[in-house]
Amino acid sequence: MAPNPDRVLIFDTTLRDGEQSPGCSMTQPEKLRVARALAELGVDIIEAGFPAASRGDWDAVNAVAREVSGPIICGLARCAREDIELAAKALREAPRHRIHVFLATSAIHRQYKLNMAQDEIIRRAVESVKMARDLCEDVEFSPEDASRTELDFLAQVVEAVIDAGASTVNIPDTVGYTVPDEFGELFRYLRKNVRNIDKARLSVHCHDDLGMAVANSLTAVVAGARQIECTINGIGERAGNCSLEEVVMALKTRAQFFNLSTGVTTNRLYPTSRLVASITGQPIPRNKAVIGENAFAHEAGIHQHGMLKHHSTYEIMRPEDVGLSRSSLVLGKHSGRHAFRERVRELGFELDDLELNRVFEEFKALADRKKELFDGDIEALVLRAAGSAHGPWSLQTLDIAARSGTQATATVKLQHADGRVVERQADGDGPVDATYKAIEQATGIAVTVRKFEVHAVTIGEDAQGEAVVYAEFGGRSYRGASISTNIIEASGKALLEVINRIELSQKSPRAGAERRTDPQPVIRGN
Ligand code: KIV
Ligand code: ZN
């Protein structure tokens, strides 16, 4: 069947280009949760990782290939036999899989990074695409830093890799340098000057260094690209990648202009975005297009007046289209399990009975402490309950004595899964410091805290606070997060999550750790 020219494929690289940016690393179970959410969202291709980067990356790509059905599962490889073979092996259990090979082509990269001449680049790219084709039907090639490559050389590379068997050729703006008109011209040039261009799908991959990743991707699509590489919430190297939710909603909202479609179920955008934000601990800015908290809020009187007359006066998309529910004030302490389940569903989450019971108990406890419960409270409970590392340590009680101008004292009582109950008291420079010292003494695990953040989950004076802590232990990085109306308790539980991940990873080396902080065995791509 001939491909539909109006369909743009969505290639999600949240788990590869997104995950490799600082602070966004995920554990294998987290990657699987994100991959399942992406499949439900309806993306066409999931780039699950870079199998040669580390054993953990290989395992994660392999797990996604085995367990996630629907999209094509892709793995990145440099133009090197070992990388390509590792990718093929990691992917082979996925019914549809793709190897994505890349090699830099720009003069700057050729001279300073690769020390290779133009003809060597073409030879290596062709050999590698052929090698990948021997192991996999579906091969994509990316000339890294394409937007800064001489046009005639880029055209030669593209023609050669298509002849070698690449069925997708991706044009990356690796350093986020191009501007829409120029990038559109580049695509038109390739379509005009590459003899076999109609034998491959053209793809676009943009970074956001100058804030133009979405605009550049859309221009490429207008100029003939039919695959967009993007990430949820735009996470990625440096300033990030093209944001999936923005590019998809631009194509949908301006369908009459673009006359193109995607396979994305757009009302899954918001829950998927929240899931990625919660797992990576990277909060979404309030004013972020499409999925930010303020994206559909109308504050000015004149706007509110217009909205009451007709929503189209000030709204170009409906919140429901991206999966955002209109009601913000929801359940209270008298709400039953059934109403709670319905609300959780409306927010886009499916929980099994066990998970629902656990979250419902937490919801009831929260409803006793908090006057009003907002969607954000429920989302936070669901995301935390599903994502946190459970046990072995749990917090039984936390007492704080703090007066301005003096040291604070914290007393913690912790329970371990093996039955131990440990109580410790410590002084510190403020209540969080005292709590951290007491927890470290009780568990016997002292970490180095690199970053600590607290932010409000919803609004109001009794809003819940989310505490996120990034810490290092034994050369590895860990992240823990927790929410509570009491931010000292949230801070303590976030540290306890880190400690639980450390204990879990000591039992099974890859279960809880995020990424080694010492150098990787191979260089990661951009
Ligand atoms: O930005 C880039 O060039 C990349 C390639 C590996 C596609 O991420
Ligand atoms: Zn990239």
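In this text the structure is predicted, and so the values were computed from the model without any measurement. (Residues numbered from 1 in each chain as written. Chains lettered and ligands numbered in written order. Predicted model: local features only at pLDDT ≥ 70, side-chain atom pairs only at ≥ 80, totals over all residues. Heavy atoms only, no water.)

Some details on the overall build of the chain
Operational definition: Secondary structure elements follow DSSP: runs of H or I of four or more residues count as helices, runs of E of two or more count as strands, with numbering from the N terminus. Here the radius of gyration uses the C-alpha set of atoms, whereas the globule reference equals 2.2 Å times the residue count to the power 0.38. Should any heavy atoms of two residues lie within 4.5 Å, those residues are considered in contact. For the purpose of charge, His is not counted, nor are the chain termini; Lys and Arg are scored as positive and Asp and Glu as negative. We put the charge of a Lys on NZ, of an Arg on CZ, of an Asp on CG and of a Glu on CD.
In terms of regular secondary structure, the chain is built from 18 helices and 15 strands. In terms of overall size, the chain behaves like a compact globule, its C-alpha atoms giving a radius of gyration of 25 Å where 526 residues would be expected to give roughly 24 Å. The dimensions of the chain, computed from C-alpha atoms along their principal axes, are 75 × 60 × 45 Å. Across the chain, the fraction of contacts at a sequence separation of at least 24, relative to all contacts at a separation of at least 6, is 67%. Here the chain carries 64 positive and 74 negative side-chain charges, and the mean point of each set is 2 Å from the other.

Examining the pattern of salt bridges
Here is the rule we go by: What counts as a salt bridge is simple: a side-chain nitrogen of Lys or Arg found within 4 Å of a carboxyl oxygen of Asp or Glu. Partly exposed residues are those whose accessible area sits between 20% and 50% of the maximum for their type, while under 20% is buried and over 50% is exposed, using a 1.4 Å probe and protein chains only.
This structure, assessed with the given rule, holds 34 salt bridges. Where D44 meets R7, a salt bridge forms, and the shortest distance between an N and an O atom there is 3.0 Å. Of this pair, D44 sits in the loop between helix 2 (28-41) and strand 2 (45-49) while R7 sits in the segment before strand 1 (9-12); the two residues are 37 residues apart in sequence, bridging distant segments of the chain. According to the relative accessible area criterion, D44 is buried, its value standing at 14%. Residues joined by salt bridges that share partners form a network here, namely E30, R479, E497 and R501.

Notes on the packing of aromatic side chains
We apply this condition: Two aromatic rings, drawn from Phe, Tyr or Trp (for Trp, its six-membered ring), form a pair once their centres lie within 6.5 Å of each other, and the interplanar angle then sorts them: stacked below 30 degrees, edge-to-face above 60, tilted otherwise. A positively charged side chain is recorded as over a ring if its NZ (Lys) or CZ (Arg) lies within 6 Å of the ring centre. The angle to the ring normal must also be within 35 degrees.
For the structure shown, the criterion picks out seven aromatic pairs. Residues F183 and F187 carry aromatic rings whose centres are separated by 5.1 Å and whose planes lie at 85° to one another, so their mutual orientation is edge-to-face. Placement of both F183 and F187 in helix 8 (residues 180-193) is noted, with a separation of four residues, approximately one turn of the helix. F187 carries the same exposure label as F183, and that label is buried. Following the ring pairs from residue to residue traces out a cluster consisting of F340, F360 and F363. Its end group placed over the ring of Y470, K451 keeps NZ or CZ at 4.9 Å from the ring centre.

Observations regarding the sheet that holds strand 10 (residues 408-416)
Remark on secondary structure: sheet strands pair via backbone hydrogen bonds, oriented parallel or antiparallel. Rules: For two strands to pair, DSSP has to find at least two bridges joining them. Here, axes are lines fitted to C-alpha atoms. For helices the fit covers the stretch in contact, and angles between N-to-C directions go from 0 to 180 degrees.
The antiparallel open sheet is built from three strands, whose spatial order is 9-10-11. One side of each edge strand has no neighbouring strand; the edge strands of this open sheet are strand 9 (393-401) and strand 11 (421-428). Neighbouring strand axes in the sheet, compared pairwise and without regard to direction, differ in orientation by 20° on average. Summarising the sheet, strand 9 and strand 10 pair through eight bridges and their orientation is antiparallel. The partner of S394 across the bridge, within strand 10, is Q415.

Here we look at the confidence of the model for the chain
Note the threshold: The pLDDT value tells you how sure the predictor is about a given residue, anywhere from 0 up to 100.
Across the chain, the average pLDDT comes to 89, with 91% of residues at or above 70. Here residues 509-526 is a poorly scored stretch, pLDDT under 50, and it has 63 contacts once near neighbours within four places are set aside; other chains count.

Points about the pairing of strand 3 (residues 72-78)
Rule in force here: By the criterion used throughout, a crossover qualifies as right-handed when its path from the first strand across the helix to the second strand runs clockwise, the strands pointing away from the viewer.
With six of seven residues buried, strand 3 lies mostly within the body of the structure. Relative to strand 3, strand 2 runs parallel, the two being bridged by four bridges. Opposite E47, over in strand 3, you have C74 as the bridge partner. What joins strand 2 to strand 3 is helix 3 (residues 55-67), and the crossover it makes is right-handed. Pairing between strand 3 and strand 4 (residues 97-104): six bridges, direction parallel. Counted as the bridge partner of I73 is H97 from strand 4. Of the crossover connections in this fold, the one passing from strand 3 over helix 4 (residues 81-91) to the parallel strand 4 is right-handed.

A few points about the side chain of S484
Cut-off, in case you're wondering: Residues adjacent in sequence count toward polar contacts only when both atoms are side-chain atoms; beyond that, a polar contact is any pair of N or O atoms within 3.5 Å, and within protein one must be able to donate a hydrogen and the other to accept it.
Turning to its location among the elements, S484 is positioned in strand 14 (residues 476-484). Taking relative accessible area as the criterion, S484 reaches 1% and is therefore assigned buried. A polar atom in the side chain of S484 sits 2.9 Å from the backbone nitrogen of N486. Filtering out sequence-adjacent residues up to four positions away, S484 remains in contact with R369, Q464, G465, E489 and A490.

Let's talk about a nonpolar patch on the surface
So the rule is basically this: Exposure above 30% relative accessible area and the lack of any salt bridge qualify a residue for a patch; like charges then connect within 9 Å, and the nonpolar side chains Val, Leu, Ile, Met, Phe, Trp and Tyr within 5 Å. For the area figures, the Shrake-Rupley method with a 1.4 Å probe applies, and any residue is considered shielded solely by the protein chains shown.
Judged by side-chain polarity, V449, F452, V454 and I487 come together as a nonpolar surface patch covering roughly 290 Å² of accessible area. Ranked by residues supplied to the nonpolar patch, first place goes to strand 12 (residues 448-456) with three residues.

Side note on helix 4
Note the following rule: Directions drawn from the helix axis to the C-beta atoms are what define this arc.
Every buried residue of helix 4 is listed here: D83, I84, A87, A88, A90 and L91. When helix 4 is viewed along its axis, its buried side chains cluster within an angular range of 165° and face the same direction. Contact partners of the buried residues in helix 4: helix 3, strand 3, strand 4 and helix 6 (118-135).

Observations regarding the pairing of strand 5 (residues 138-144)
Of all seven residues making up strand 5, seven are buried, and the element is well covered by its neighbours. Across the two faces of strand 5 the burial is the same, with D138, E140, S142 and E144 and V139, F141 and P143 all buried. Across seven bridges, the pairing between strand 4 and strand 5 is parallel. Within strand 5, the residue paired with I99 across the bridge is V139.

Considering the sheet that holds strand 5
Ordered by their spatial adjacency, eight strands build a closed barrel running 1-2-3-4-5-6-7-8, and the pairing between neighbours is parallel. Each strand of the sheet is rotated relative to its neighbour by a mean of 25°, with strand direction disregarded. Sheet analysis places strand 7 (residues 201-206) next to strand 8 (residues 227-230), joined by three bridges and oriented parallel. Its bridge partner lying in strand 8, S203 is registered against Q227.

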